[in-house]
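What the coordinates show
So you can see what is in the structure, the chains are spelled out below.
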Amino acid sequence: MNRIDRSEIEHWLREADGRRLHELWQRADAVRRECVGDEVHLRALVEASNYCGRDCGYCGLRAANTGIERYRMTHDEILECARLAVELGCGTIVLQSGEDLGLGAKWVAELISRIRSEIQLAVTLSLGERSEQELEQWREAGADRYLLRFETSNRTLFGRIHPPRTGRTADRIAILRTLRALGYETGSGVMIGIPGQSWSDLADDVELFRNLDLDMIGVGPFIPHPQTPLGRGRGPKPLPPEEQVPNDELTACKVMALTRLVCPLANIPSTTALETLNPGGGREAGLVRGANIIMPNLTPGPYRQRYEIYPGKACGCLDPVQTVADLRRRITGLGRSVGRGRGDSANYRRRAAGR
Ligand code: SAH
């Protein structure tokens with residue numbers, strides 16, 4: 001396969017002709033089949049805490065949003081979700097939260113050890129920007145993977161939507177390098193259609209996925225949340241229409257397909273944000289355009305409603321058994337199979353083998 005270059009990436013991003021895009025979808029689907037196969041792995045998403053010390057301009061969990069009731073799950077509650085995850089055939093638990101320093105290093109390490117020893121699931125963390133010592137401690141405790149989206153490769157735009165903690169700079173790219181050095185399967189991604197994000201920025205994002213040699217890449221449309229600066233039009237101004245990236249399903253699918261072409265061995269989820277834009281069809285749209293992972297939400301109902309990073313996220317079925325049964329039907333309906341085992345990233349396996 002020819003290596004797709006920067007100008008080709010931008011060209012595809014700007015492409016609006018459905019017939020020509022069909023070629024992109026076919027290429028992405030063929031690479032997906034050849035490189036990671038027909039299995040779709042299920043990751044159980046557990047939103048462990050909605051406390052957050054940060055004030056990201058896009059996210060409903062931001063500290064300044066006093067309109068939400070905050071919660072933090074206990075070890076036992078999380079372990080119960082992990083047991084359910086196994087019963088439902090998930091090989092991985094993804095623990096996500098706001099940037100909650102109340103989730104102490106030791107507390108998280110003990111939780112990881114318990115999941116790994118009592119339940120034997122792969123553990124993915126998505127807890128925000130934490131210190132190198134903490135990341136190291138959690139890796140030693142048995143964490144396998146870490147997700148930290150860089151959100152946009154445009155540093156100026158990132159600075160405007162993601163204020164740093166006082167006295168520090170928010171350097172997510174540096175943290176991604178640390179994670180990789182610590183031996184984590186390393187995941188990142190971006191939001192699509194942030195006000196002020198250009199086609200050229202988005203092409204840079206896709207290039208950066210390749211340059212960082214990521215093991216997992218999650219992308220999804222930006223969805224405005226009314227309790228945030230970006231949702232109230234107080235963030236960066238949108239660019240002129242021909243330059244501004246739209247936050248729609250088509251654009252998200254283009255990015256997903258291009259991501260599969262530049263990172264053929266990566267695990268790529270068909271994200272919740274895509275399903276939120278197109279309920280009942282968004283997951284499939286991603287799966288036939290490069291994605292090979294689905295993350296059913298197993299957060300208990302009362303908490304899930306309070307983990308609203310964007311509106312509509314918590315909608316849909318609250319019963320995990322039904323949610324997973326429905327996903328299985330949808331996966332097999334596409335002629336694909338539900339993956340067994342941990343579903344480690346083929347890119348990580350290649351790296352680990354020194355190839
Ligand atoms: N605190 C963790 C987890 C955040 S939620 C962290 O910062 O890494 C996970 C992802 O949801 C974020 O990385 C972001 O890409 C996405 N997200 C947040 N707000 C969003 C919004 N309004 N629309 C779409 N995606 C959003």
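Just so it is clear, the structure is predicted and the values come from calculations on it, not from any experiment.

At a minimum axis distance of 9 Å, the contact between helix H2 (residues 18–36) and helix H9 (residues 249–262) shows a crossing angle of 45°. The angle between H2 and H9 falls in the class oblique. As for how H2 packs across H9, the hand of that crossing is left-handed. Contact residues: Leu21, Leu24, Trp25, Arg27, Ala28, Val31, Arg32 and Val36 in H2; Leu250, Cys253, Lys254, Ala257, Leu258, Arg260 and Leu261 in H9. Per-class residue counts for the contact of H2 with H9 are eleven nonpolar, no polar and four charged.

By convention here, two paired aromatic rings are described through the distance between centres and the angle between planes. Across all of its chains, the model carries three aromatic pairs by this definition. One cation-aromatic arrangement involves Arg72 over Tyr51; the distance from NZ or CZ to the ring centre is 4.3 Å. One cation-aromatic arrangement involves Arg139 over Tyr184; the distance from NZ or CZ to the ring centre is 5.7 Å.

To continue, consider the site of the ligand. The full set close to the ligand counts 17 residues, and Ser97, Arg149, Glu151, Arg172 and Ile223 are the nearest of them. Here a nitrogen atom of the ligand and a backbone polar atom of Ile223 are 2.7 Å apart. When the ligand is considered free in solution it has 550 Å² of accessible area, and contact with the protein chains removes 92% of it. In terms of residue class, the shell around the ligand is built from nine nonpolar, four polar and four charged.

Quick look at the pattern of salt bridges now. Enumeration over the complete set of coordinates arrives at 40 salt bridges. Across the salt bridge formed by Arg19 and Asp17, the nearest N and O atoms sit 3.7 Å from each other. Lys106 is the salt-bridge partner of Glu110, the closest N and O atoms lying 3.8 Å from each other. Of this pair, Glu110 and Lys106 both sit in helix H4 (residues 105–119), four residues apart, roughly one helical turn. The exposure class assigned to Glu110 is partly exposed, which follows from its relative accessible area of 38%. Judged by relative accessible area, Lys106 falls into the exposed class, the value being 59%. A single salt-bridge network, built from bridges that share partners, covers Arg54, Glu99, Glu129, Glu151, Arg165 and Arg172.

What follows covers the nonpolar core. A general trend in soluble globular proteins is that nonpolar side chains are found buried together. If you look at the biggest cluster of nonpolar residues, it comprises 99 residues, and the most contacted ones within it are Ile93, Leu95, Leu125, Trp138, Tyr146 and Tyr184. Ranked by residues supplied to this core, first place goes to H9 with eight residues.

Looking now at the packing of helix H8 (residues 199–212) against H9. Running from N to C, H8 and H9 point in directions that differ by 30°, and their axes come no closer than 9 Å. The crossing of H8 and H9 is right-handed. Residues Trp199, Leu202, Val206, Phe209 and Arg210 of H8 touch H9, and the partners they reach there are Thr251, Val255, Leu258, Thr259 and Val262. Here the residues of the contact of H8 with H9 sort into seven nonpolar, two polar and one charged.

In this section: the environment of Val206. Turning to its location among the elements, Val206 is positioned in helix H8. For Val206 and Gly189, which are 17 residues apart along the polypeptide, the C-alpha to C-alpha distance reads 9.1 Å. Discounting chain neighbours no more than four positions away, the residues touching Val206 are Ile9, Val255, Leu258 and Val262.

Take the pairing of strand E1 (residues 39–49) next. Burial within E1 is extensive, with ten of its eleven residues counted as buried. Bridge count for E1 against strand E8 (residues 337–338) is two bridges, and the pairing is parallel. Counterpart to Val40 in the pairing with E8 is Val338. Of the strand pairs in this sheet, E1 and strand E7 (residues 293–294) are connected by two bridges, and their pairing is parallel. Paired with His41 across the two strands is Ile293, which belongs to E7.

As a further point, take unusual backbone geometry. Its identity is not glycine, yet Glu151 carries a phi of approximately 70°, on the positive side. One can find Glu151 in the loop between strand E4 (145–147) and helix H6 (155–161). For Asp213, which is not glycine, the phi dihedral falls at a positive 55°. Assignment of secondary structure puts Asp213 in the loop between H8 and strand E6 (216–221). By relative accessible area, Asp213 is classed as partly exposed at 22%.

About the criteria used
Residues numbered from 1 in each chain as written. Predicted model: local features only at pLDDT ≥ 70, side-chain atom pairs only at ≥ 80, totals over all residues. Heavy atoms only, no water. Axes fitted to C-alpha atoms, helices over the stretch in contact; angles between N-to-C directions. Helix = DSSP H or I, 4+ residues; strand = E, 2+ residues; numbered from the N terminus. Parallel < 35°, antiparallel > 145°, perpendicular 65-115°, else oblique. Left-handed = near helix turned anticlockwise from the far one by under 90°. Contact = heavy atoms within 4.5 Å. Nonpolar A, V, L, I, M, F, W, Y, C, P; charged D, E, K, R; others polar. Phe/Tyr/Trp six-rings, centres within 6.5 Å; stacked < 30°, edge-to-face > 60°. Lys NZ or Arg CZ within 6 Å of the ring centre and 35° of its normal. Near = heavy atom within 4 Å. Polar contact = N/O pair within 3.5 Å; in protein donor to acceptor, adjacent residues only side chain to side chain. Areas by Shrake-Rupley, 256 points an atom, 1.4 Å probe, with all protein chains shown as cover. Salt bridge = Lys/Arg side-chain N within 4 Å of Asp/Glu carboxyl O. Buried < 20%, exposed > 50% of the residue type's maximum accessible area, 1.4 Å probe, protein only. Core = buried A, V, L, I, M, F, W, Y, C linked by side-chain atoms within 4.5 Å. Pairing = 2+ DSSP bridges.

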